[in-house]
Amino acid sequence: MSDAPTEAPAAASGREAVIRVRGLVTRFGPAVIHDGLDLDVWRGEVLGVVGGSGTGKSVLLREIVGLLRPAEGSIEVFGVDMLHADAARRREVETRWGVMFQDGALFSSLTVRENVEAPMRIMAHIEPDLRRALAELKVALVGLPPDANDKYPADLSGGMKKRAGLARAMALDPEILFLDEPTAGLDPIGASAFDDLIRSLQQALGITVFLVTHDLDTLHATCDRVAVLAEKRVLVTGTMADMLEVDHPWVHEYFHGPRARAALASAGD
């Protein structure tokens, strides 16, 4: 394959790596998912993480947020070694990110408002009236109507569940937003609207977005850079334009195939 698009060192480019992963090794029994994986995520960017089935995209997200522990390597977030920091230091860092999982992961027995309030109850000391007001603000921020606050997840459409999950991820005004397949299961119109929402929130709030997706439309609509997982590591990082120049079978097929051409044409409209 050709050389991967190079990335200038953070000090030279003026960019700050808010997430730095080095030498990550992930094993499930005898299966090795990641082997020497390195990745930097720059402050204020939207990074899309793509790769074939079984390459460990969502696994990598879960390792960064502490839901899984790698066999080897290091993970730093905001300069903190998350694999060796004490509980108090980890908890402090965790208040600075929000996570939205693929299915929304909403509590079925809580209303939308109560779901959004949940991180505030766990992570912050906020008076009930203020907590309620803040939750309703987040619900409005993601484009849900006021009456959605008192609905339960079972009463919501797929798109509304996604937005409610995003509102909960935004509850503590995170500096980093982790999104796992945010448009999975949505129809094209709903997916496009959600892409627009992600991009508008990122631009308005200046947050960093770590986005796991397989959706080429989402990559074109939202991402500043793309990281491709293949061969048990991050094979290449760069812009969508960079991806077109990579001489690797999977990367070429993914970014030059019919779906890629359709997504590119749509992005140019």
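Please read these numbers as outputs of a predicted model, since none were measured by experiment.

Caption draft 1: Highlighting the packing of helix H4 (residues 112-123) against helix H5 (residues 128-141). Direction vectors running N to C along H4 and H5 enclose 120°, while the axes themselves pass 9 Å from each other. One way to sum up the angle between H4 and H5 is to call them oblique. When you trace H4 past H5, the crossing you get is right-handed. Across the interface between the two elements, Val 112, Arg 113, Val 116, Glu 117, Met 120 and Arg 121 of H4 pack against Arg 131, Arg 132, Leu 134, Ala 135, Glu 136, Lys 138 and Val 139 of H5.

Caption draft 2: View of the pattern of salt bridges. Scanning the model with the defined rule gives 17 salt bridges in all. Residues Arg 233 and Glu 231 are paired through a salt bridge, measuring 3.5 Å at the closest nitrogen-oxygen approach. Its relative accessible area of 51% is what places Glu 231 among the exposed residues. Residues joined in a network through salt bridges with shared partners are Glu 16, Arg 43, Arg 96 and Glu 175.

Caption draft 3: Examining helix H7 (residues 188-205) more closely. With 18 residues, H7 extends 26 Å from end C-alpha to end C-alpha; this agrees with the ideal 26 Å at 1.5 Å per step. What H7 keeps buried is the set Ala 191, Phe 194, Asp 195, Leu 197, Ile 198, Arg 199, Leu 201 and Gln 202. One or two steps after H7, the chain reaches Gly 206, where phi turns positive at roughly 70°.

Caption draft 4: Representation of the side chain of His 34. Within the fold, His 34 resides in strand E2 (residues 31-42). A residue is classified by how much of its surface remains accessible, and His 34, at 0% relative accessible area, is buried. A polar contact is formed between the side chain of His 34 and the side chain of Thr 26, at a distance of 2.8 Å. A polar contact of 3.4 Å, which involves the side chain of His 34, links it to the backbone oxygen of Thr 55. The residues contacting His 34, other than those within four sequence positions of it, are Leu 24, Val 25, Thr 26, Thr 55, Gly 56, Val 59, Leu 60, Glu 63, Leu 229 and Lys 232.

Caption draft 5: Structural detail: the packing of aromatic side chains. This structure, assessed with the given rule, holds four aromatic pairs. Ring centres 5.7 Å apart and planes at 90° place the aromatic pair Trp 97 and Phe 178 in the edge-to-face group. One end of the pair, Trp 97, is in strand E6 (residues 97-100); the other, Phe 178, is in strand E7 (residues 176-180), and 81 residues separate them in sequence. Assigned by exposure class, Trp 97 and Phe 178 land together as buried. The interplanar angle of 80° and the centroid separation of 4.8 Å between the aromatic rings of Tyr 254 and Phe 255 together place this pair among those described as edge-to-face. With a relative accessible area of 17%, Tyr 254 lands in the buried category.

The rules behind each value
Residues numbered from 1 in each chain as written. Predicted model: local features only at pLDDT ≥ 70, side-chain atom pairs only at ≥ 80, totals over all residues. Heavy atoms only, no water. Axes fitted to C-alpha atoms, helices over the stretch in contact; angles between N-to-C directions. Helix = DSSP H or I, 4+ residues; strand = E, 2+ residues; numbered from the N terminus. Parallel < 35°, antiparallel > 145°, perpendicular 65-115°, else oblique. Left-handed = near helix turned anticlockwise from the far one by under 90°. Contact = heavy atoms within 4.5 Å. Salt bridge = Lys/Arg side-chain N within 4 Å of Asp/Glu carboxyl O. Buried < 20%, exposed > 50% of the residue type's maximum accessible area, 1.4 Å probe, protein only. Expected span 1.5 Å × (residues − 1). Polar contact = N/O pair within 3.5 Å; in protein donor to acceptor, adjacent residues only side chain to side chain. Phe/Tyr/Trp six-rings, centres within 6.5 Å; stacked < 30°, edge-to-face > 60°.

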